[in-house]
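Below are the chains, spelled out letter by letter.
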Amino acid sequence: MGLKLSAATAGEELLSGAALARQWASADLFSGALGGCLCAGGFHVPIDAAAVALDLLAYLEDKYASSDKAPLAGFVKQAMAGTGHFGDWLASLDHSTLQAEDLATLMADLKTTLDTMSGSRGFACA
């Protein structure tokens, strides 16, 4: 299963929970070289992936609750209460019972955040 958010170019992967899980697994957040803020020389404690996932879900739950998307807010809130691995939860979105529009919204928001965590050499202060 995959969602098409816009016209896909040749070879572009459809947006799916499995694709988001792969992107999460390869996010620079998990890099062994990442020690925190690059401008501090990498001497900070690495960022806790579970805390990042929980913060992301809390943000989305509040966003959807404030946007009168109660079913979507409830779905995300339920995920926050779960004890599973975030990557597993992302992959499970492919079998979600959410309405197609809500699922597309959630996946697009997750992809937006994961895109900012991928392809960089760690976080840098501006």
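What you are looking at is a predicted structure, and each value in this text was computed from that prediction instead of being measured. (Residues numbered from 1 in each chain as written. Predicted model: local features only at pLDDT ≥ 70, side-chain atom pairs only at ≥ 80, totals over all residues. Heavy atoms only, no water.)

## Examining the side chain of Asp102
Structurally, Asp102 is set in helix α5 (residues 100-116). Look at Asp102: it is buried, it has no salt bridge, and the nearest opposite charge is Lys69 at 5.1 Å. Residues within four places of Asp102 in sequence aside, it is in contact with Pro71 and Leu72. (Helix = DSSP H or I, 4+ residues; strand = E, 2+ residues; numbered from the N terminus. Buried < 20%, exposed > 50% of the residue type's maximum accessible area, 1.4 Å probe, protein only. Lys, Arg positive; Asp, Glu negative; His and termini not counted. Salt bridge = Lys/Arg side-chain N within 4 Å of Asp/Glu carboxyl O. Contact = heavy atoms within 4.5 Å.)

## With respect to the side chain of Ser16
Tracing the backbone through its elements, the reader meets Ser16 in the segment before α1 (17-25). A relative accessible area of 7% places Ser16 in the buried class. A polar side-chain atom of Ser16 sits 3.0 Å from the main-chain amide nitrogen of Ala19. (Polar contact = N/O pair within 3.5 Å; in protein donor to acceptor, adjacent residues only side chain to side chain.)

## Overview of the packing of aromatic side chains
In the structure shown here, the tally under the stated rule is three aromatic pairs. Both rings, one in Trp24 and one in Phe86, keep their centres 4.7 Å apart while their planes meet at 75 degrees; by these two values the pair is edge-to-face. Taken as a pair, Trp24 in helix α1 and Phe86 in helix α4 (residues 86-92) lie far apart in primary sequence, 62 residues in all. Judged by centre distance (5.7 Å) and plane angle (20 degrees), the rings of Phe86 and Trp89 are stacked. Of the two residues, Phe86 and Trp89 both sit in helix α4, three residues apart, roughly one turn of that helix. Each member of the pair, Phe86 as well as Trp89, is classed as buried. Three or more aromatic residues joined by ring pairs make a cluster, and in this case those are Trp24, Phe75, Phe86 and Trp89. (Phe/Tyr/Trp six-rings, centres within 6.5 Å; stacked < 30°, edge-to-face > 60°.)

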